[in-house]
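Listed below are the residues making up each chain.
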Amino acid sequence: MPPRRRDGAYVHNAGTSSESEGFDDIDDGNYGDKRKNKGKGKAKDTGKGSQDKGKGKSKEQAYAWEATYTRSWDTVQEDEGGSLQTAVEDLLARGRRRRLLEPSSAIRRTIIRHLMLLLDLSSSMLDRDLRPSRFDLTLEYSRQFIVEWFDQNPLGQIGIVGMRGGLGERIGDMSGNPQDVLKAISDRRRLQPDGDPSLQNAIDMARGSMSHLPTHSSREILIIYGSLTTCDPGNIHDTLDACINDKIRVSVVSLAAEMKICRELANKTGGVFGVVMNEDHYKELMFELVPPPAQRSASRLTGGSTNFSADLMMMGFPTRLPDTSPLSLCVCHSQLKGEGFLCPRCKAQVCDVPTDCDICGLMIVSSPHLARSYHHLFPVKPYQAVTETGLSPSPKCHGCSHSFPEKPSATGSDPTTADVISPLGRYRCPDCEKDFCADCDVFVHDVLHVCPGCQ
Amino acid sequence: METTVSDSPPEHLSLIIDLSPTQWHLSSLDTNPQPLSLRLFISQVLVFLNAHLASRHDNTIAVLVALPGKNVMIYSSSDTIEESDHQSPLDESNTYQPFRAMNSAVVQRIDEELGAQEHGETEAPIGLVGALTKALCHINRLTHPTASANPSIAVPTPPNPRILIFSVSPDLSTAYIPLMNSIFSAQKLKVAIDVCKLYGEDTVFLQQAAHLTGGLYVNPERRDALLQYLAMCFLPSTAIRRVLGMPTQDHVDFRAACFCHKNIIDIGYICSVCLSIFCSPVPVCSTCRTKFPIKTLQRLMLNRPSPLSNGHQRTASPAPQR
Ligand SMILES: [Zn+2]
Ligand SMILES: [Zn+2]
Ligand SMILES: [Zn+2]
Ligand SMILES: [Zn+2]
Ligand SMILES: [Zn+2]
Ligand SMILES: [Zn+2]
């Protein structure tokens, strides 16, 4: 997604800030309901708690997991002129700071990933504290997640398991084709939430479908959990130990509240745990898991999924035949086809890549697939905000060729953002020392991943 | 022009011209079946650009040139052209002023850039990928107008962008990764990259660029009829192309460049951690410093195809036997 649109979403939130100040009071039917659930979670109450239990908690008192997240409409403030200019700049500044903190050198990342997505399909997913409902929002975000995940992990595979009626339910088999995975969750009626979830059954099922994987690939489980209980046939801690043994990284996104076992699952396997605050935060938590995880040193966690062995693999890059080419038998289905790919070693025609050639066994991948992850290996160094122009500043941005403003902008003098926001609107590449505008800075680092000046 | 096109966005065309002096010299030699000189080419491109601008009043262009070790944007529709000295020659009294201004600006800047080239022994690599990244930055600014701009001014409909590359140089395998990153950004911006290969052999990576972004890759059979190709293939927008019969790309070659020698290879050795590509089995990945097991190396060395069947040797015969 281009960053600009994300900014737009923030601006949108900001626009409604005046109405949402009294959000808790006005929209009590909905928001209060969510608080009630959180109250329940804290108390580890299993039954349907009474309304006043949640109400009893002071509204001002933030829960531990709430403290770490600030709602975007709380942070956006209009300036004296009622304009959002400062707010927008502040958001840009935060993005820039985040980028400066990121390691600029190439870090080792796990590229060949296997992920089991565990969706809670219990009746708790019918709750409407997330709009339109937990269930519908989860399906929508899952779709977006799958598309984005395959975009960044082209050699990865995703499988889907549902949790409902106390059982684990295989919804989509492990597949490297995004269309297959999307199809598995396309039928909303087939996934209708019902009954109680079972973490243990679902995790064991996911574990089973990942047992055959080669050692150099990662195994991950992402649990979307709306319930506050789990009904398990045995001891869930045995399952946790098995996950640690199998080097499976378990991450949990909880829609309701923190459950001890969920946090333990994530912490002990090197995964991430988060409790959803609102719709945007839900997406943020989920999409944190999209980029290939950096390989942390194995010492950080004894049971992390980090110390799998690396390997060198021989792969072939095929030639694609257009559908207008003469018909030929494909080796995978023995069908007469024009369209297809030619194995570079034995010239056999296969229908789709990536695959292993049925004739010579060579792994055939399309090289653009591999190249999608290269921007992780060679990131562009963050640009530095320019505070003083030299003797002869370049009149135009080196990227888009738009002219720089003649004189410094007034808002740029804000001391809170002065370290990362240039009052001149200039950002300089430390390598080629060319100046870029703010738009190009964001575009180069978030989308392009190539410095136009260094080329 | 009012009713039929007003609901569709205007078209923006970013032109990238490869101005390698060596390649253009070779292209103009009489030993070619149809010699094409830079002068002749530029004059046809100007007609094409005028046609693009004339087909709709709010169509825009940007022209970038790639030179050895350098790239510049020499013209953009948003530039204001200062009316320069050469006023009122009689033969220009019948021309449409904006076209004349653009034509002379483009020609003048190309002359300047070529004149500023140093005549060294060897030519530095062409800055084609740099030009592509700049074109993408420019398009990003056009299609995503700054949010902090004054909201009271109505933002005009962002144009429908595409890029057309005129290539005369061979593949630049040194810029493989930046080029691929540019292609993926073009996909994200929904920019089609068209390629017109004017001289020399097909380039694998530009073929991939056109294929992956939904653009056209055209290698004109008759270079003397270039304007015809330009008008028929590259003038229609991507939306109109769907209903026209467009030349389809023949085989697309998905070969890649190895990280170690920048050779273009069809069978490579891939690091499972970072997916770096090597042309021969290596004990340690040079990108991520991963050490590979000895066993794997021994196995791969045994199965290794003979070095001759790999790499450059196949470039001459892209069409495999079927
Ligand atoms: Zn087949
Ligand atoms: Zn084969
Ligand atoms: Zn710029
Ligand atoms: Zn740079
Ligand atoms: Zn090599
Ligand atoms: Zn590596």
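An unreviewed UniProt entry lists chain B under the name General transcription and DNA repair factor IIH subunit TFB4, with Botryobasidium botryosum given as the organism. Under the Subcellular location (unreviewed entry) heading, UniProt states for chain B: "Nucleus". Here is the UniProt Subunit (unreviewed entry) comment for chain B, exactly as written: "Component of the 7-subunit TFIIH core complex composed of XPB/SSL2, XPD/RAD3, SSL1, TFB1, TFB2, TFB4 and TFB5, which is active in NER. The core complex associates with the 3-subunit CTD-kinase module TFIIK composed of CCL1, KIN28 and TFB3 to form the 10-subunit holoenzyme (holo-TFIIH) active in transcription."

Under an unreviewed UniProt entry, the name given to chain A is General transcription and DNA repair factor IIH, and the source organism is Botryobasidium botryosum. Quoted verbatim from the Subcellular location (unreviewed entry) field of the UniProt record, the comment on chain A reads "Nucleus". The record held by UniProt for chain A lists under Function (unreviewed entry) the comment "Component of the general transcription and DNA repair factor IIH (TFIIH) core complex, which is involved in general and transcription-coupled nucleotide excision repair (NER) of damaged DNA and, when complexed to TFIIK, in RNA transcription by RNA polymerase II."

Asker: Please explain the confidence of the model for chain B as it appears in this structure.
Answerer: Residues and elements named next belong to chain B. In this model, chain B carries a mean pLDDT of 83, and residues with pLDDT of at least 70 account for 84%. Confidence drops under a pLDDT of 50 for residues 308-322, and excluding neighbours within four residues, the segment shows 22 contacts in the predicted structure. In the predicted complex, the global pTM is 0.74; the interface-specific ipTM is 0.86.

Asker: For this particular structure, what's the right way to read the coordination of the zinc ion (ligand 1)?
Answerer: Working reference: metal with six octahedral donors, ideal angles 90 or 180 degrees; metal with four tetrahedral donors, ideal angle 109.5 degrees. Residue and element names in this part refer to chain A. Every protein donor of the zinc ion (ligand 1) is listed here as C330 (SG), C332 (SG), H333 (ND1) and C351 (SG), and their distances to the metal cover 1.8 to 2.4 Å. Note that the zinc ion (ligand 1) binds four donor atoms; their angles at the metal cover 103 to 124°, and the shape is tetrahedral. All donors to the zinc ion (ligand 1) come from one chain, and their sequence spacing reads C-x1-C-H-x17-C. Taken together, the positions of C332 in the loop between β9 (328-329) and β10 (336-337) and C351 in the loop between β12 (349-350) and β13 (355-356) put the pair 19 residues apart, joining distant regions of the chain. By relative accessible area, C332 is classed as partly exposed at 34%.

Asker: I keep staring at the UniProt feature "zinc finger region: C4-type" (unreviewed entry) in chain A and nothing clicks. Help me out?
Answerer: Here, UniProt's "zinc finger region: C4-type" (unreviewed entry) annotation points to residues 343-360 of chain A. Overall, residues 343-360 of chain A shows 0% helix and 22% strand. The separation of its end C-alpha atoms is 9 Å.

Asker: What am I meant to see in the pairing of strand β1 (residues 11-18) of chain B here?
Answerer: Put simply, side chains in a regular strand alternate between the two faces of the sheet. Residues and elements named next belong to chain B. Across the eight residues of β1, eight count as buried, placing the element largely inside the fold. By the alternation rule, side chains of β1 split into E11, L13, L15 and I17 and H12, S14, I16 and D18, which are all buried. Sheet analysis places β1 next to strand β2 (residues 60-67), joined by seven bridges and oriented parallel. Along β2, the bridge assignment pairs D18 with A66.

Asker: How should the coordination of the zinc ion (ligand 4) be read in this particular structure?
Answerer: All names here are of chain A. Listed as protein donors to the zinc ion (ligand 4) are C429 (SG), C432 (SG), C451 (SG) and C454 (SG); their distances from the metal cover 2.2 to 2.3 Å. Between the four donor atoms coordinating the zinc ion (ligand 4), the angles at the centre fall across 102 to 115°, so the site counts as tetrahedral. In the primary sequence, the donor residues of the zinc ion (ligand 4) line up as C-x2-C-x18-C-x2-C. Taken as a pair, C429 in the loop between β16 (427-428) and β17 (435-436) and C454 in the segment after α17 (438-448) lie far apart in primary sequence, 25 residues in all. The class for C454 is partly exposed, based on a relative accessible area of 39%.

Asker: How should I be thinking about the domain arrangement of chain B in this particular structure?
Answerer: All names here are of chain B. Annotation of chain B at the domain level lists domain 1 (11-241) and domain 2 (256-316). With seven residues of domain 1 at the contact, the number on the domain 2 side is six residues. Carbon and sulfur atoms supply 74% of the area that domain 1 and domain 2 bury against each other, a total of about 610 Å² over both sides. When the buried area of domain 1 at its contact with domain 2 is split by residue, S173, Y176 and I177 rank highest and sum to 53% of it. Linking domain 1 with domain 2 are zero salt bridges. The interface formed by domain 1 and domain 2 contains one residue pair in polar contact (both at pLDDT 80 or more).

Asker: Help me understand the packing of aromatic side chains, please; the structure alone is not making it clear to me.
Answerer: What characterises a pair of aromatic rings is the spacing of the ring centres plus the angle enclosed by the ring planes. The full count for this structure, using the stated rule, is 11 aromatic pairs over all chains. Their ring planes at 45° and their centres at 4.9 Å tell us that B:Y176 and B:F205 sit as a pair that is tilted. Remark: B:F205 occurs in helix α6 (residues 204-213) and B:Y176 occurs in helix α5 (residues 176-189); sequence separation between them is 29 residues. According to the relative accessible area criterion, B:F205 is buried, its value standing at 1%. One aromatic cluster is present, formed by A:Y374, A:F378 and B:F259 through successive ring pairs. Here the guanidinium or amino end of A:K283 rests over the ring plane of A:F287, the centre of that ring lying 5.3 Å away.

Asker: Would you mind showing me how to read the state of the cysteines here?
Answerer: Residues and elements named next belong to chain B. Going through the model one piece at a time under the given rule, you end up with zero disulfides over all chains. In this model C233 remains outside any disulfide bridge; the closest cysteine sulfur is found in C196, 8.0 Å from its own. The class of C233 is buried, set by a relative accessible area of 7%.

Asker: Explain the confidence of the model for chain A here, please?
Answerer: Low-pLDDT stretches of the model should not have their predicted coordinates read in fine detail. All names here are of chain A. Here chain A averages 76 in pLDDT, while 69% of its residues score no lower than 70. Within chain A, the lowest mean pLDDT, 37, falls on helix α3 (residues 23-26), and the highest, 94, falls on strand β5 (residues 248-254). With pLDDT under 50 throughout, residues 1-62 is counted as low confidence; its partners more than four residues away or in other chains account for 83 contacts. In this model, residues 297-308 is a region of pLDDT below 50 whose contacts with residues beyond four sequence positions or in other chains number 21 contacts.

Asker: Would you explain the interface of chain A and chain B in this entry?
Answerer: Taken together, the contact between chain A and chain B spans 64 residues of the former and 71 residues of the latter. Taken together, both faces of the contact between chain A and chain B bury some 5800 Å²; the carbon and sulfur share is 65%. When the area that chain A buries against chain B is broken down by residue, the three leading residues are A:L312, A:F317 and A:Y374, summing to 13%. The interface formed by chain A and chain B holds one salt bridge in total. The residue A:D439 makes a salt bridge to B:R141 at a minimum N-O spacing of 3.5 Å. The tally of links between chain A and chain B comes to 12 residue pairs in polar contact (both at pLDDT 80 or more).

Asker: What's the story with the environment of B:L13 in this structure? I'm lost.
Answerer: Residues and elements named next belong to chain B. Locating L13 in the fold gives a position in strand β1. L13 gets classed as buried once you look at its relative accessible area, which sits at 1%. Note: C-alpha distance between L13 and V63 (50 residues apart in sequence) is 8.4 Å. Each residue touching L13, except ones within four places of it in the same chain, is listed here: F48, L49, H52, T60, I61, A62, R162 and L164.

So, how was this worked out
- Residues numbered from 1 in each chain as written.
- Chains lettered and ligands numbered in written order.
- Predicted model: local features only at pLDDT ≥ 70, side-chain atom pairs only at ≥ 80, totals over all residues.
- Heavy atoms only, no water.
- UniProt positions renumbered as here; feature names shortened; annotations may be inferred.
- pLDDT = per-residue confidence, 0-100.
- Contact = heavy atoms within 4.5 Å.
- Donors = N, O, S within 2.8 Å, 3.2 Å for Na, K, Ca; no water.
- Tetrahedral: all angles 85-135°; square planar, octahedral: opposite > 155°, others 65-115°.
- Helix = DSSP H or I, 4+ residues; strand = E, 2+ residues; numbered from the N terminus.
- Buried < 20%, exposed > 50% of the residue type's maximum accessible area, 1.4 Å probe, protein only.
- Pairing = 2+ DSSP bridges.
- Domains from an automatic or database assignment.
- Buried area = accessible area lost by both parts, 1.4 Å probe.
- Salt bridge = Lys/Arg side-chain N within 4 Å of Asp/Glu carboxyl O.
- Polar contact = N/O pair within 3.5 Å; in protein donor to acceptor, adjacent residues only side chain to side chain.
- Phe/Tyr/Trp six-rings, centres within 6.5 Å; stacked < 30°, edge-to-face > 60°.
- Lys NZ or Arg CZ within 6 Å of the ring centre and 35° of its normal.
- Disulfide = S-S within 2.5 Å.

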